[in-house]
Amino acid sequence: MARRVFVVGGHTTPFIGKKHPDFIWKRHPDFGKRTNPSLEDYIRVSVQGALEATGTPGEAVEKAWVGNFVGELFSNQGHLGAAVVGADPGLMYKPVMRVEGACASGGLAFASAVESIQAGTDITLVVGVEVQTTKSAREGGDILARASHYARQREIDDFTFPALFGRRTKHYREAFGVSEEDIGRAAVKAYANANKNPLAHMRAVTMDFETARAAGDRNPNFLSNEEFAPYIKMSDCSQVSDGGSAMIVVSEEGLAKLGKTESDAIEVLTVAHATGNLWEDGDLTRLGTTHTAAQRAYAAAGLAPSDVGVAEVHDCFTVTEVMMTEALGFADFGKGGELLKEGRTEITGDIPVNTGGGLVGFGHPVGATGVKQVLEIYRQMKGQCGDYQIAEPPSVGMTANMGGDDKTVVVGLYRNL
């Protein structure tokens, strides 16, 4: 890049929803006494947390972006650029805007900041936020279906995206001879990592291999679509979560303005953004948009998959993690399940993936995920992950944030300094 770019830290709220001990619902002992945080709460807490964690006065921020998918439908609130300004008095009259790209909204907010730094900005704020627990599962499924080609794909099932990825699972398994239990290992790893992560949605829920390997009473198939129902279980799905994440992204001059050194930061080597065609389906056995973005990122940074020491990938479903590891070049196409079986993507493996639990375990507040991913790489590189810390802080990290069914993808590569 023409100008160097750095992440100097930030703040991620707990990701919560059903099965999280702090989530208020009718069986919670505090039901009727208090409520779950609102969209406004998550913006305020994540922004203030990021400013405090990095020692950044709000007045020092030159520009900001907020990634959010459907605030209007889950929270009856749009115009979230102005909502970010309300999080800190120092942000008053700063240029702030919302960006949207379905589940890649946070990644696009981050990419926008990087591009702005290339154009001359020095200190930026990136925010991601989503609240999704305000609606029933079926209402939420309809809202989230707007990330698909709604007119063509909505009727595939009441739960559009589980059905779309059940379809991918079916095609993938048939093409490569992959078993259900091969993919089920991704859920076991996700929950085990989340159990070590105090911010994770599923930190208090365990998942064993016997449960994850096949459908059963504890882990049912739930789709009404008869063709794809056998290919998706509850354990295969990311969590419907609420949460926020925010970070400070700066130039080399911005580091100096904040009194930081390179050792306080990680360097953003490149960010690649690729977009597919919403109106058509591609090869269901590969994540072609992700693969394209990854190849651009490797070429721009002069790196190869073997250089990556930790990765945060978009596991909206368990099959997506498997296919992501292939699209990013960690395994040949059809061989991602072998990485799981061999333990190579564990925290102790040679290519740890989703060390905090990923979307399946950590949770998936849609607009926050792409920001949280970058902060997780930062925290791993700076040795801040506690019980799920990699033994040796990695020198190169990678993120892959995906919107829709492999339609909008943001891939980043990072160096520890």
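Residues numbered from 1 in each chain as written. Predicted model: local features only at pLDDT ≥ 70, side-chain atom pairs only at ≥ 80, totals over all residues. Heavy atoms only, no water.

**Q** An account of the pairing of strand 4 (residues 123–130) is requested, with residue identities and associated values reported.
**A** Where a strand is regular, its side chains alternate between the two sheet faces. Burial within strand 4 is extensive, with eight of its eight residues counted as buried. Burial along strand 4 is two-sided: Ile-123, Leu-125, Val-127 and Val-129 and Thr-124, Val-126, Gly-128 and Glu-130, pointing in opposite directions, are all buried. Sheet topology note: the strand 2 (residues 63–67)/strand 4 ladder contains five bridges and is parallel. Residue pairing across strands places Lys-63 opposite Thr-124, the latter belonging to strand 4. Here strand 4 runs beside strand 5 (residues 243–251); their pairing, made up of eight bridges, is antiparallel. Counterpart to Val-126 in the pairing with strand 5 is Met-247. (Buried < 20%, exposed > 50% of the residue type's maximum accessible area, 1.4 Å probe, protein only. Helix = DSSP H or I, 4+ residues; strand = E, 2+ residues; numbered from the N terminus. Pairing = 2+ DSSP bridges.)

**Q** Tell me what's going on with the pattern of salt bridges, and back it up with residues and numbers.
**A** Two side chains of opposite charge can pair, provided their charged atoms sit close to one another. With the rule as written, the count across this model stands at 32 salt bridges. In this structure, Lys-170 engages Glu-227 in a salt bridge whose closest nitrogen and oxygen atoms are separated by 3.8 Å. Placement of Lys-170 in helix 7 (residues 160–176) and of Glu-227 in the loop between helix 9 (209–212) and strand 5 is noted, with a sequence separation of 57 residues between them. A residue is classified by how much of its surface remains accessible, and Glu-227, at 44% relative accessible area, is partly exposed. Asp-208 is the partner of Arg-218 in a salt bridge, and the nearest nitrogen-oxygen pair spans 3.8 Å. Of this pair, Arg-218 sits in the loop between helix 9 and strand 5 while Asp-208 sits in the loop between helix 8 (180–194) and helix 9, placing them 10 residues apart in sequence. The class of Arg-218 is exposed, set by a relative accessible area of 60%. (Salt bridge = Lys/Arg side-chain N within 4 Å of Asp/Glu carboxyl O.)

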